[in-house]
Every structure is written in C-alpha cells, then in structure tokens.
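Architecture and fold: a report
Spelled out, the chains give:
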Amino acid sequence: MPLALALLLLLGLSARGGQSCLQCIPSVQEALSHLRFTLVPGRFHHERLQARAQALLLGMEGPFFRDYALNAFVGKVGTARLDSVASFVKNQTKTFMDDSLKDEPLMEQLVTFRRNVLLELKKVLKEYELKACHPKICHMLQEEVLDCFLCQKIIPQCIKYDYCFVNRQPRMALQYNTRSRYPRDQAAFGITISVFLALFLFMVIVFSAYMYRQNRRLLLQ
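Here's what I pulled together on the structure shown here. (Residues numbered from 1 in each chain as written. Predicted model: local features only at pLDDT ≥ 70, side-chain atom pairs only at ≥ 80, totals over all residues. Heavy atoms only, no water.)

A short note on the packing of aromatic side chains
- Inspection of every chain in the model, using the stated rule, returns three aromatic pairs.
- Both rings, one in F64 and one in F65, keep their centres 5.2 Å apart while their planes meet at 80 degrees; by these two values the pair is edge-to-face.
- When its relative accessible area of 1% is taken as the criterion, F65 is described as buried.
- Ring geometry for F96 versus F113: centroids 5.3 Å apart, planes at 65 degrees, classification edge-to-face. (Phe/Tyr/Trp six-rings, centres within 6.5 Å; stacked < 30°, edge-to-face > 60°. Buried < 20%, exposed > 50% of the residue type's maximum accessible area, 1.4 Å probe, protein only.)

Written as structure tokens, this is what we have:
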C-alpha cells in the first residue's frame, strides 16, 4: 500500500507539473510512457527498484526536463534543433525494448539514459541562449522557437542580459540579485553565526561539567 500511494502521488505531481520542451512533442511523450509501462514492473522484480524506476520515468515524462530548461536556461529552444533531441530519445527507448536487461543493470542504464538526454537537451538550450543573448546576433534570429513552459511556438526575441546564463532557482538567487534584502557579506554573516553557536556549545559543556561535579559532591557526602 505505501508504494501504491507513493506512485499515485507521483502521477498527480507529474500531471500538475506540465510539460517540458521534450514533452511538448507527443511522440516523445508516447515513447516514454510506453517505456514505463513496459519496464515497470515487467523487468523489475524488487519493489524498491520498481519504485525507483517508476519515479525516474515519471519525472522524465513530467517536470524533470521542464524545470531544468526553466531554471538553468531561459526555457526556450529552436524547434529544428529540438527535433534531433526527440529522435535521440525515441531511438534510445527502442533500444531498451530490444535488450533483456533487468533489475540493477537496467536501473543503471535508465539513470545513464536520463543523463544523456539531459546533455542533449542542454546543447540545444545553450545554443539558442547564446544567440538570443548576443546583442549583435539576436536581432537576426529567424528560426521557430518553442516556449518550454507554455509548449507554444513564439517569435524569436532578444533576451535581457540579466536573464542570460544564470540559475534562477530561489536558493541560488543571492549570487546574482544585487537588490537582495539579505546581508551582502554572506561569508561574514555565516562566520558570525558559527562563532556564536560555538560559544553557546562551549558554555553548555562548561555548565554541564559544573553540574556534574556538584552532583558528584552531593553523592559522596
């Protein structure tokens, strides 16, 4: 039952997460979905491995690549270049269908598969961002562009410098946001907190030692 509930939760999150650039292509989504239903649980005999494989493949169908495209890059890609990545994904899924790997060896290959797809997607995301962020080249962009969040084709346009090649995840924003409300000198702030905690721990140890001696004296009287 816990495994079933976890899988239902993952399905719900995948449905809400929307689509990434790759899953804007129906044939890719169909290939990944077919791969998941074929491999899990058919080729995995242990419940733990089934859960891992299910989570990995559901992530690939849902938010995994989308989040990468939006957080590590500007989330837009040329449609012509994306077609090559889509072909790569479909060819790889056919390879999994044809081989006979099972359990741990198959799990390792799935992890490698996801990493390879990510590397291929990174190439096309970076290629578009290099052009769109270049002040002399961006105005000459003519190719069709796909918005990874909306899954819609849009008109190519120049990207503001502030949004070029930065990680826009909230936990990383301090590196790039000069208007942050947090202290500017994060290193000094961290050192101050560390010293304070060290002093507090020292006082606790001294107090504990003093109480131990007092209690020992009472016991010996």
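Quick word on the sheet that holds strand β3 (residues 152-154)
- Strand order in this open sheet of three strands is β1-β2-β3, and the pairing throughout is antiparallel. The open sheet has two edge strands, β1 (76-78) and β3, and neither has a second partner. When strand polarity is set aside, the average angle formed by the axes of neighbouring strands in this sheet is 40 degrees.
- As paired strands, β1 and strand β2 (residues 145-147) are joined by three bridges and run antiparallel to one another. Bridge assignment links V77 to a residue of β2, and that residue is L146.
- Of the strands in this sheet, β1, β2 and β3 are in contact with helix α5 (residues 79-98), which crosses β1 at around 90 degrees. (Pairing = 2+ DSSP bridges. Helix = DSSP H or I, 4+ residues; strand = E, 2+ residues; numbered from the N terminus. Axes fitted to C-alpha atoms, helices over the stretch in contact; angles between N-to-C directions. Contact = heavy atoms within 4.5 Å.)

Examining the packing of helix α2 (residues 26-39) against α5
- In the contact formed by α2 and α5, the axes pass within 9 Å of each other and the chain directions differ by 20 degrees. Between α2 and α5, the interaxial angle falls into the category roughly parallel. Crossing hand, α2 versus α5: left-handed. Facing α2, whose interface residues are S27, V28, A31, L32, H34, L35 and T38, α5 presents A86, V89, K90, T93, F96 and M97.
- Residue composition of the contact of α2 with α5, by class: eight nonpolar, four polar and one charged. (Parallel < 35°, antiparallel > 145°, perpendicular 65-115°, else oblique. Left-handed = near helix turned anticlockwise from the far one by under 90°. Nonpolar A, V, L, I, M, F, W, Y, C, P; charged D, E, K, R; others polar.)

Concerning the pattern of salt bridges
- The tally for this structure, following the rule as stated, stands at eight salt bridges.
- Ionic pairing is found between E61 and R36, a salt bridge with its closest N-O pair at 2.4 Å. With E61 in helix α3 (residues 47-61) and R36 in helix α2, the pair connects residues that are 25 residues apart, well separated along the chain. The pair formed by E61 and R36 is uniform in burial state, with each residue classed as buried.
- One salt bridge connects R43 with D99, and the closest N-O pair in it is separated by 3.2 Å. With R43 in the loop between α2 and α3 and D99 in the loop between α5 and α6 (103-132), this residue pair connects regions lying 56 residues apart in the sequence.
- Owing to a relative accessible area of 11%, R43 belongs among the buried residues under this scheme. (Salt bridge = Lys/Arg side-chain N within 4 Å of Asp/Glu carboxyl O.)

A short note on the nonpolar core
- Ranked by internal contacts, the top residues of the largest apolar core, which has 35 residues, are L22, F44, M60, V77, L82, L110 and F113.
- Among the secondary structure elements, those contributing two or more residues to this core are α2, α3, α4 (63-72), α5 and α6.
- Take this core: its biggest share by element is nine residues, from α6.
- Leave out the neighbours within four places in its chain, and L82 touches C21, L22, I25, V77, L121 and L146.
- Core analysis: the second largest hydrophobic core is formed by eight residues, Y128, A132, C133 and V145 among them. (Core = buried A, V, L, I, M, F, W, Y, C linked by side-chain atoms within 4.5 Å.)

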